[in-house]
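The chain contents come next:
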Amino acid sequence: MNIPNESYKFSVPIQVRMSDLDPFAHVNNGAQCNYFDFGRSSYFEHVFNEPVNWHTMDMVLVHVELDFKEGIEFHDQIVCESKVLSLGQKSVKMMQQLRDTRTGVVKTTCYSVLAGFDRVTHLSIPIRDEYKRLFREFEQLPDD
């Protein structure tokens, strides 16, 4: 799944570090997962207009799918672009991409699903109405 660059309303710069590189001098796949986690967290903070409290956040990542399109090198200027694609009763589907701002080339894409999660009972719960409202407003998604 690939979403055109212009459809992303949120991006955050990513600092590539030497420790992120693999023996081929490309950013390791695991490090890229961390970039997407950072982008997702930054997106939530932007949309919710407050820092994410990971002790009370009641959504959890339940699915992640990455496509590595081109290697990321140390001097690439990378941003993580993020968006919510759709909202279900108990899930949020997201799309993200790592893009080189100098060339416009999308290096890696990430499709993910987050689910509502009760931290006390460890059971699935509906996504908060407030989260849905904020996602819909930011992304201009239709109401259910």
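Here, the structure is the one placed above.
Residues numbered from 1 in each chain as written. Predicted model: local features only at pLDDT ≥ 70, side-chain atom pairs only at ≥ 80, totals over all residues. Heavy atoms only, no water.

Asker: Before we go on, may I ask you to explain the pattern of salt bridges in this structure?
Answerer: Oppositely charged side chains can pair when the atoms bearing their charge come close. According to the stated counting rule, one finds eight salt bridges in the structure shown. R99 is paired through a salt bridge with E81; the nearest N and O atoms lie 2.7 Å apart. Here the residue R99 occupies a position in strand β4 (residues 91-100), and E81 occupies one in strand β3 (residues 78-87), the gap between them amounting to 18 residues. Residue class for R99 comes out buried when judged on its relative accessible area of 16%. Of the residues examined, E81 reaches a relative accessible area of 4% and is grouped as buried. The salt bridge involving D143 is made with R136; its shortest N-O contact spans 3.7 Å. Salt bridges linked by common partners bring E70, D76 and K107 together as one network. (Salt bridge = Lys/Arg side-chain N within 4 Å of Asp/Glu carboxyl O. Helix = DSSP H or I, 4+ residues; strand = E, 2+ residues; numbered from the N terminus. Buried < 20%, exposed > 50% of the residue type's maximum accessible area, 1.4 Å probe, protein only.)

Asker: Quick question: what am I supposed to make of the nonpolar core here?
Answerer: General note: in soluble globular proteins, nonpolar side chains tend to be found buried as a group. Residues Y43, F44, F48, M59, V92 and F135 are the most contacted members of the largest nonpolar core, which totals 30 residues. With seven residues, the single largest contributor to this core is helix α1 (residues 29-48). Apart from residues no more than four positions distant in its own chain, F48 is found in contact with M57, M59, Y131, L134 and F135. (Core = buried A, V, L, I, M, F, W, Y, C linked by side-chain atoms within 4.5 Å. Contact = heavy atoms within 4.5 Å.)

Asker: Looking at this model, I keep getting lost on the sheet that holds strand β5 (residues 106-116). Mind explaining?
Answerer: As a general point, the strands of a sheet are linked pairwise by backbone hydrogen bonds and lie either parallel or antiparallel. In space, the five strands of this open sheet follow the order β1-β3-β4-β5-β2, with antiparallel pairing throughout. In the strand order of this sheet, the two ends are held by β1 (10-14) and β2 (59-68), each with one partner. Ignoring which end each strand starts from, the neighbouring axes of this sheet average 25 degrees apart. Across nine bridges, β3 lies against β4 in antiparallel orientation. Opposite L87, over in β4, you have V92 as the bridge partner. Lying on the sheet, helix α2 (residues 129-139) is in contact with β1, β2, β3 and β4; it crosses β3 at an angle near 115 degrees. (Pairing = 2+ DSSP bridges. Axes fitted to C-alpha atoms, helices over the stretch in contact; angles between N-to-C directions.)

Asker: Explanation requested: the packing of aromatic side chains in the structure shown.
Answerer: Within a pair of aromatic rings, the relevant descriptors are the distance that separates the centres and the angle that separates the planes. Applying the stated criterion across every chain yields a total of eight aromatic pairs. When the centroid spacing of 5.7 Å and the interplanar angle of 10 degrees are considered together, the rings of F44 and F48 count as stacked. With F44 and F48 both in helix α1, this residue pair falls four residues apart, about one helical turn. The same class applies to F44 and to F48, which are both buried. Seen from their ring centres, F48 and Y131 are 4.6 Å apart, and the 10 degrees between their planes marks the pair as stacked. Taken together, the residues span a long stretch of sequence, with F48 in helix α1 and Y131 in helix α2 at a distance of 83 residues. (Phe/Tyr/Trp six-rings, centres within 6.5 Å; stacked < 30°, edge-to-face > 60°.)

Asker: Is there a simple way to explain α2 in this structure?
Answerer: It helps to recall that an α-helix has 3.6 residues per turn; residues three or four apart then point in one direction. When α2 is considered as a whole, its buried residues turn out to be Y131, K132, L134, F135, R136 and E139. Those residues of α2 that are buried lie in contact with α1, β2, β3 and β4. After α2 finishes, the residue Q140 shows a positive phi value of roughly 60 degrees.

Take it as geometry only, folks, not as evidence of what the structure does.
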